[in-house]
Every structure is written in structure tokens, then in C-alpha cells.
Amino acid sequence: MKILVLNGPNLNLLGIREPEIYGKVSLEEIEKYLTDFAENHGVEIIFYQKNGEGELIDLIHRYYREIDGILINPGAYTHYSIALRDALLAVGKPAVEVHLSNLYKREEFRQHSVTAGACIGYIAGFGVDSYRLGLIALIDYLKRREKDGAGGKA
Ligand code: DQA
């Protein structure tokens, strides 16, 4: 099983970026943690962070044939990237959206996600743990679908 993990703009600055909101853990540490966690579950992770909307879309186009699912933190693109939403819908791979912060506790413009509707589910507000919980949810979903046949539901 192979999962593409995508991180949007400014997430490369995790650890120094508004630590009171996003915590002190770096993206490199998240990558290492997720890779180890996935490996223990027999899952391979392909991990990227890109600041550009088109770069994230290009990665979805490049990898969709060889992956089983997508774990994505679209960063600020969450709130307005219809192009990213369309890319997720176009490839039809099960995706889980994750956020470090609880968007409903923040500014009004963050309280709407255009990308979450293209995902099977959404986890936010648990800091770095959102990634782990999102990955578990995605792996469980994919395993269940494998067991039940391609028509399995969330
Ligand atoms: C974020 C929330 C977004 O609103 C913000 O633009 C980010 C990070 C999160 O993980 O909490 O870049 O996606």
C-alpha cells in the first residue's frame, strides 16, 4: 500500500511559524514520524511539501496511478483552491484532509474548506497528531475497502 502525503504552503516553516498555533515540531520530524509509523503498518509513504498550488496539483497528476490514497494538508489553499479540489476529484483516490489547528476556533475565512468535500474525511485540531490520526483513518479505510472489494464505503 502506498500513500502520497502532501503539504501546502508555509508548512515547511513548521516549528518556527506561529508556534503558539502550529506547535514546535518541524515538518522533517513529522515526515520521519509518519514514515516510521507507516512502515510499521506495511505502508509506503511518499512525502512532499510545496508552496505552489500548481506544484501540488502536478504531484497528484504524477503519482495517482501508483498510489492507493492521499493524505493532504493543503494549508491556506484549503480555503480557496478549487483547482486543488478538482485535482483530488479528477484522480478519484481516497483522500483525507488534515490540519494542525482547529479551523472552527480561528478566523472566519478559515472556517470553510473547499478541498474537504473532495476527501473521504477530515481531521483538524490535534496538532501533529492530526497527521497520525488521518493516516490511521486512511489506512483503515483502504484495508477495509480491499477486504470488502472495490465498492467499500467509508
Ligand atoms: C493549516 C490551517 C490553514 O488555515 C493555514 O493556512 C495553514 C495551516 C493547519 O494545518 O492548521 O497553513 O492548514
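What comes next is a walk through the structure. Keep in mind it's a predicted model, so treat the numbers as computed, not measured. (Residues numbered from 1 in each chain as written. Predicted model: local features only at pLDDT ≥ 70, side-chain atom pairs only at ≥ 80, totals over all residues. Heavy atoms only, no water.)

**Let's talk about the overall build of the protein**
Okay, step 1: Along the backbone of the protein there are five helices and five strands.
Okay, step 2: Counting helices and strands in the order they occur from the N terminus, the protein gives β-α-α-β-α-β-α-β-β-α.
Okay, step 3: Taken against the 2.2 N^0.38 rule, which gives 15 Å for 154 residues, the C-alpha radius of gyration of the protein at 15 Å falls within 12% of a compact globule.
Okay, step 4: Dimensions along the principal axes, computed over C-alpha positions, put the protein at roughly 45 × 35 × 25 Å.
Okay, step 5: Scored against the burial criterion, the 154 residues of the protein give a buried share of 48%.
Okay, step 6: For the protein, the accessible surface area stands at approximately 7800 Å², while carbon and sulfur atoms represent 50% of it.
Okay, step 7: Across the protein, the mean location of the 18 positive side-chain charges is 4 Å away from that of the 21 negative side-chain charges. (Helix = DSSP H or I, 4+ residues; strand = E, 2+ residues; numbered from the N terminus. Rg over C-alpha atoms; globule rule 2.2 N^0.38 Å. Buried < 20%, exposed > 50% of the residue type's maximum accessible area, 1.4 Å probe, protein only. Areas by Shrake-Rupley, 256 points an atom, 1.4 Å probe, with all protein chains shown as cover. Lys, Arg positive; Asp, Glu negative; His and termini not counted. Charge placed at Lys NZ, Arg CZ, Asp CG, Glu CD.)

**Some remarks on the side chain of Arg17**
Okay, step 1: As for its placement among the helices and strands, Arg17 is situated in the loop between β1 (2-7) and α1 (19-22).
Okay, step 2: With no salt bridge to any partner, buried Arg17 finds its closest opposite charge in Glu18, at an N-O distance of 4.2 Å.
Okay, step 3: Each residue touching Arg17, except ones within four places of it in the same chain, is listed here: Pro9, Asn10, Leu11 and Tyr22. (Salt bridge = Lys/Arg side-chain N within 4 Å of Asp/Glu carboxyl O. Contact = heavy atoms within 4.5 Å.)

**Considerations on the environment of Ala95**
Okay, step 1: For Ala95, the location among the structural elements is in strand β4 (residues 95-99).
Okay, step 2: Judged by relative accessible area, Ala95 falls into the buried class, the value being 1%.
Okay, step 3: Separated by 58 residues in sequence, Ala95 and Phe37 have C-alpha atoms that sit 18 Å apart.
Okay, step 4: When residues no more than four places from it in sequence are discounted, the contact partners of Ala95 are Ile70, Leu88, Cys119, Ile120 and Gly121.

**Observations regarding the site of the ligand**
Okay, step 1: Near the ligand you find Arg17, Tyr22, Asn73, Gly75, Ala76, His79, His99, Leu100, Ser101, Leu103 and Arg110, and these make up its full shell.
Okay, step 2: In this structure, an oxygen atom belonging to the ligand sits 3.2 Å away from a main-chain N or O atom of Ala76.
Okay, step 3: Separating an oxygen atom of the ligand from a backbone N or O atom of Leu100 is a distance of 2.8 Å.
Okay, step 4: Within the complex, 99% of the 330 Å² of free accessible area of the ligand lies under protein.
Okay, step 5: Across the shell around the ligand, the residue classes tally to four nonpolar, five polar and two charged. (Near = heavy atom within 4 Å. Polar contact = N/O pair within 3.5 Å; in protein donor to acceptor, adjacent residues only side chain to side chain. Nonpolar A, V, L, I, M, F, W, Y, C, P; charged D, E, K, R; others polar.)

**Quick notes on the nonpolar core**
Okay, step 1: Of all hydrophobic cores here, the largest spans 24 residues; its most connected members are Ile3, Leu34, Leu71, Tyr131 and Leu135.
Okay, step 2: Setting aside residues up to four positions removed in sequence, Leu135 forms contacts with Ile3, Leu34, Phe37, Ala38, Ile45 and Leu71.
Okay, step 3: Counting residues in hydrophobic clusters, the runner-up holds 20 residues, among them Ile60, Tyr77, Ala118 and Cys119. (Core = buried A, V, L, I, M, F, W, Y, C linked by side-chain atoms within 4.5 Å.)

**Thoughts on the packing of aromatic side chains**
Okay, step 1: Tallying each qualifying case throughout the model produces three aromatic pairs.
Okay, step 2: Both rings, one in Tyr48 and one in Tyr63, keep their centres 5.8 Å apart while their planes meet at 45 degrees; by these two values the pair is tilted. Here Tyr48 is found in strand β2 (residues 44-49), whereas its partner Tyr63 is found in helix α3 (residues 53-63), with 15 residues between them in sequence.
Okay, step 3: Residue Tyr63 is classed as buried on the basis of its relative accessible area of 9%. (Phe/Tyr/Trp six-rings, centres within 6.5 Å; stacked < 30°, edge-to-face > 60°.)

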